[in-house]
Amino acid sequence: GHARLGPVLSASDRAVTHLWLRLAEPWRREAFGRELLDRGIKVTPADAVTVARGDTPHAVRVCLCSVDREDVLDGALKVVADLLHQPVPAESALV
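Quick caveat, the model's predicted, so the values are computed rather than measured.

K.L.:
For the overall build of the protein, give the residues involved together with the corresponding values.
P.N.:
Counting its secondary structure elements, the protein contains 4 helices and 3 strands. Mapped in sequence order, the helices and strands of the protein form the string α-β-α-β-β-α-α. Of the contacts made within the protein by residues no fewer than 6 positions apart, 63% connect residues no fewer than 24 positions apart. As displayed, the protein offers around 6,300 Å² of accessible surface, 52% of which is attributable to carbon and sulfur atoms.

Next comes the structure, spelled out in structure tokens:
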């Protein structure tokens, strides 16, 4: 995961089973999650794992331990990395 998404990851130990991915503007956590789900990849938006009140970051949690094959995981992480560099679809940008 770190090799494919390294530059956009929040600091985390390389031994963890998930990655915390902060989203750059204009991506919002809900829209990014929907776009990935449409591609068959499920991530967890930050508001689902945030316990404190206040501003929730536009980020998603990417679980690495739910995939048995490394080639499948690498393919999914490539889709995530590629989506980060695509423009937000107009229908996803609406609030």
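Let us keep going from here.
K.L.:
I'd love a proper account of the nonpolar core, names of residues and values included.
P.N.:
Core analysis: the biggest nonpolar cluster contains 18 residues, and L21, L23, W27, F32, L36, V60 and V62 have the highest contact counts within it. Listed by contribution, the elements that provide at least two residues to this core are strand 1 (18-22), helix 2 (29-38), strand 3 (59-63) and helix 3 (70-84). In terms of residue count, the dominant contributor to this core is helix 3 (5 residues). Residue contacts for F32: discarding those within four places in its chain leaves L21, L23, W27, V60, V80, L83 and L84.

K.L.:
Give a detailed account of the sheet that holds strand 1, specifying residues and quantitative values.
P.N.:
Taken in spatial order, the 3 strands make up an open sheet running 1-3-2, and their pairing is antiparallel. With one partner strand each, in any of the chains shown, strand 1 and strand 2 (44-45) form the two edges of the open sheet. For strand 2 and strand 3, the ladder comprises 2 bridges, and the chain directions are antiparallel. The residue bridging P45 from the neighbouring strand is V60, located in strand 3.

Each value, and the rule that gives it
Residues numbered from 1 in each chain as written. Predicted model: local features only at pLDDT ≥ 70, side-chain atom pairs only at ≥ 80, totals over all residues. Heavy atoms only, no water. Helix = DSSP H or I, 4+ residues; strand = E, 2+ residues; numbered from the N terminus. Contact = heavy atoms within 4.5 Å. Areas by Shrake-Rupley, 256 points an atom, 1.4 Å probe, with all protein chains shown as cover. Core = buried A, V, L, I, M, F, W, Y, C linked by side-chain atoms within 4.5 Å. Buried < 20%, exposed > 50% of the residue type's maximum accessible area, 1.4 Å probe, protein only. Pairing = 2+ DSSP bridges.

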